[in-house]
Each structure stands twice: as structure tokens, then as C-alpha cells.
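Examination of the molecular architecture
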Amino acid sequence: MPEPGTTAVVIVLPDAAPLLDAAWRIDPTLVRRGVPAHVSLLYPFVPEPALTGRDEKAVRSLAAGFPAADLVLEEVVTAPGFVAVTVPGLQPAVDAFRNQWPGLRPYGGRFGAEPAAHVTVAMGADDPTTATRVRTAVDSLLPLRIRAAEVQLVVLTKEGWQSRFTAPLGVPHGP
């Protein structure tokens, strides 16, 4: 479990909430409540005490370089204990953030050097029957049309994940 002060850069995808809701209806413990459907651009990001204005400016600049996008989610992927939906349309943004901060290992290296852009739907689905039920429920919702419109830098606090700032996709940020 991450500790307070951990940060992440994400694209929150409100239109993908039905995917998490489907998993929650099967087993509420599989979904991290309070964490909306999202694609992690870089997690963990720079720890909050080390975060600089330069880092924040770079996040805003990278967000401005990618237009808001209408996307279609179509593919469920699974691994032991894990159900997700791929978001290939956001892979270029994920790659750009990883390239900007090459010293940061996505997910601490747990899923390889370059995990694909995805929405995590369920974690801890260790029972194969439960995982199959989640996959079936999520698959029944696809294809799902969503909109990616903004990047958020979020910080884990004692109260949970909090947004530090939001940067719209495709909108230049002033000096």
C-alpha cells in the first residue's frame, strides 16, 4: 500500500465508472472506493516533498500537448488477481510521461517496464470464479465510449487521494 505523500499523474475517466461499478456489485473489496476510473500516466510520481514547480510545469505542458479525446474501450485483460480494460488511445500520453521522467518505474516495476495504458477494474480477484464473473460483467459493457479531457496530479493524504491540480488536455498553460 502506498504511503501518504505518494503522488500520481492520472487521466480521470468518469465515463468508465460503470466498469468499476460492475466489479463492485460482484465484490466490493475488489474496487478501491474513492478512486475514480482512470488511466495512470505515471504512478508513483515524484514524492510530494520532492515535487517542484518544474515538475508541475512539465505535467501541465505535457497535458497541453495531447488533445482531449473521445475513445472506445473494447478489450478486457486479466492477470492473476487483476481485471482491467485497455485504453490504447492513451498510450502515447502514457509513453510521453514515462519518457519525461525516465527514472521513475511505473508501478514500482511490478508489471514490467512498460505496462499498457489501462483502467484497473478489480484488484485482489484471486478467486478464479470471481475474476471470471468480473470479466464477464465488464465485457458485457463493452464497447464503451468515453472522453479523456484532463490530467490530474493527485497526492495520497491520510484522508485518501486528493487532487493537487488539474490540467486540461490540449489547452496551453500560461507562463
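Preceding this section is the structure that the text describes.
Attention here is on the structure that accompanies the text.

Conventions we followed
- Residues numbered from 1 in each chain as written.
- Predicted model: local features only at pLDDT ≥ 70, side-chain atom pairs only at ≥ 80, totals over all residues.
- Heavy atoms only, no water.
- Axes fitted to C-alpha atoms, helices over the stretch in contact; angles between N-to-C directions.
- Helix = DSSP H or I, 4+ residues; strand = E, 2+ residues; numbered from the N terminus.
- Left-handed = near helix turned anticlockwise from the far one by under 90°.
- Contact = heavy atoms within 4.5 Å.
- Expected span 1.5 Å × (residues − 1).
- Buried < 20%, exposed > 50% of the residue type's maximum accessible area, 1.4 Å probe, protein only.
- Arc of directions from axis to C-beta.
- Core = buried A, V, L, I, M, F, W, Y, C linked by side-chain atoms within 4.5 Å.
- Phe/Tyr/Trp six-rings, centres within 6.5 Å; stacked < 30°, edge-to-face > 60°.
- Salt bridge = Lys/Arg side-chain N within 4 Å of Asp/Glu carboxyl O.
- Pairing = 2+ DSSP bridges.

Here the focus is the packing of helix H1 (residues 17–26) against helix H4 (residues 128–139). Look at H1 against H4: their axes get within 9 Å of each other, and the N-to-C directions meet at 145°. Between H1 and H4 the crossing geometry is right-handed. Contact residues: H1 offers Leu19, Ala22, Ala23 and Ile26, while H4 offers Thr130, Arg133, Val134, Ala137 and Val138.

This next bit is on the environment of Gly34. Positionally, Gly34 belongs in the loop between H1 and strand S2 (38–42). Expressed as a C-alpha distance, the spacing of Gly34 and Gln162, which sit 128 residues apart in the sequence, is 9.7 Å.

Before going further, it helps to spend a moment on H4. The terminal C-alpha atoms of H4, which comprises 12 residues, lie 16 Å apart, in line with the 16 Å expected from a rise of 1.5 Å per residue. Taken residue by residue, H4 has Thr130, Ala131, Val134 and Val138 as its buried positions. Take H4 and look down its axis: the buried residues cluster within an arc of 100°, on one side only. Exposed and oriented more than 90 degrees from the buried face of H4 are Pro128, Thr129 and Thr136. Contact partners of the buried residues in H4: H1, strand S4 (76–79), strand S5 (81–86) and strand S6 (118–125).

With that settled, consider the nonpolar core. One broad trend across soluble globular proteins is that nonpolar side chains are buried collectively. In terms of nonpolar packing, the biggest core is built from 50 residues, with Leu13, Leu19, Phe45, Leu73, Leu90, Trp101 and Val151 touching the most fellow members. Leave out the neighbours within four places in its chain, and Trp101 touches Leu42, Phe45, Val46, Asp55, Ala58, Val59 and Leu62.

With that out of the way, let us pick up the packing of aromatic side chains. Within the structure shown, the criterion is met by 6 aromatic pairs. Relative to Tyr107, the ring of Tyr43 has its centre 5.9 Å away and its plane inclined at 55°; by these criteria the two rings are tilted. Of this pair, Tyr43 sits in the loop between S2 and helix H2 (53–64) while Tyr107 sits in the loop between helix H3 (91–100) and S6; the two residues are 64 residues apart in sequence, bridging distant segments of the chain. The same class applies to Tyr43 as to Tyr107, namely buried.

Counted by the stated rule, this structure contains 3 salt bridges. For Glu48, the salt bridge identified is with Arg164, shortest N-O distance 3.4 Å. Taken together, the residues Glu48 in the loop between S2 and H2 and Arg164 in strand S9 (residues 160–168) connect sequence positions 116 residues apart. Salt-bridge contacts for Glu56 lead to Arg164; the nearest nitrogen and oxygen are separated by 2.6 Å.

Bringing the pairing of strand S8 (residues 150–157) into the picture now. Most of S8 sits out of view: 6 of its 8 residues are buried. Two strands pair when backbone bridges link them, and strand S1 (residues 7–12) and S8 are joined in this way by 4 bridges, in the antiparallel orientation. Across the sheet, Thr7 pairs through a bridge with Val155, a residue of S8. Bridge analysis of S8 against S9 gives 8 bridges, and the strand direction is antiparallel. The residue bridging Thr157 from the neighbouring strand is Gly160, located in S9. Where S8 folds back onto S9 in an antiparallel hairpin, the turn is made up of 2 residues.

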